[in-house]
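Structural characterization, general
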Amino acid sequence: MNEKESFERYVPDNKITFKAVPVIWIITIIVGITLMFFNKDWAFTYVLGAATSMLGLSMMIKAANRCKPEYLKQTMVKNYFIRYAMYAIVIGFTYFSFELSALLFLALGLTSVKIVLMIFILLHKGEKV
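The rules behind each value
- Throughout this document, residue positions are counted from 1 along each chain, in the order its sequence is written.
- Owing to the predicted nature of the model, reporting of local features is limited to residues with pLDDT of at least 70; listing and counting of side-chain atom pairs is limited to 80 or more, with chain, interface and lining totals taken over all residues.
- Side-chain metrics rest on all non-hydrogen atoms present in the structure, leaving aside hydrogens and water.
- Put simply, DSSP marks the helices as runs of H or I at least four residues long and the strands as runs of E at least two long, and each gets a number from the N terminus on.
- For a helix, the expected span equals 1.5 Å multiplied by the residue count minus one.
- Bending is quantified residue by residue as the angle between axes fitted to the seven-residue window ending at that residue and the seven-residue window starting at it.
- Buried means the residue's accessible area, taken with a 1.4 Å probe over protein chains only, is under 20% of the maximum for its type, while exposed means over 50%, and partly exposed covers the values in between.
- Angular values range over 0 to 180 degrees, each being the angle between N-to-C directions of two axes fitted as lines to C-alpha atoms, with helices fitted over their stretch in contact.
- An angle below 35 degrees is treated as roughly parallel, one above 145 as roughly antiparallel, one from 65 to 115 as roughly perpendicular, and anything else as oblique.
- Any two residues having at least one pair of non-hydrogen atoms within 4.5 Å are treated as being in contact.
- By nonpolar core is meant a set of buried Ala, Val, Leu, Ile, Met, Phe, Trp, Tyr and Cys residues that side-chain atoms within 4.5 Å join together.

**Comments concerning helix H5 (residues 101–123)**
- Relative to the 33 Å expected for 23 residues at 1.5 Å per residue, H5 spans 33 Å between its end C-alpha atoms, a close match to the ideal helical length.
- Considering bend angle alone, the principal kink of H5 is centred on Thr111 and spans about 30°.
- Looking at H5, one finds that the buried residues are Ala102, Phe105, Leu106, Gly109, Leu110, Ser112, Val113, Val116, Leu117 and Phe120.

**A few points about the packing of helix H3 (residues 40–66) against helix H4 (residues 72–97)**
- One way to put it is that H3 packs onto H4 with a least axis distance of 10 Å and a crossing angle of 170°. As judged from the angle between their axes, H3 and H4 are roughly antiparallel. Contacts between H3 and H4 involve Phe44, Thr45, Leu48, Thr52, Ser53, Leu55, Gly56, Met59, Met60, Ala63 and Ala64 from the former and Leu72, Thr75, Met76, Asn79, Ile82, Arg83, Met86, Tyr87, Val90, Phe93 and Thr94 from the latter.

**Some details on the nonpolar core**
- Ala20, Ile24, Met54, Leu57, Leu72, Met76 and Val113 are the most contacted members of the largest nonpolar core, which has 16 residues in total.
- Contributing elements (two or more residues each) for this core: helix H2 (14–36), H3, H4 and H5.
- For this core, the leading source of residues is H3, giving 6 residues.
- For Ala20, the residues in contact, after removing those within four places along its chain, are Leu117 and Phe120.

Remember that the coordinates give geometry; whether it matters functionally is a separate question.
Below you can see the structure in the form of structure tokens.
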């Protein structure tokens, strides 16, 4: 496998990602507003988790697109450390600031972005987007 094929394998398809982002935000807003009727802490931590996950996704895409193919592996490893440190800070903040049940909604927010993105990729598999 040459460098160009390796680069294309690791860089996500931005067209699908850009189409999925508005859907992700709409789902986040709807779920956040719905959760506000039950518990404001749950709504806040869900939206915090989704926003953190969206920030991590954005960092990954920007790093992959700006990086030269020969430095892609080092850049992505550094990016993973930054993203997981950011996740750890958000989880720690939630753990010490809210009740324990808020961690569940933070986890739902963190994973909802990835789940919606995977569903979007599966729905558009094989299409020219």
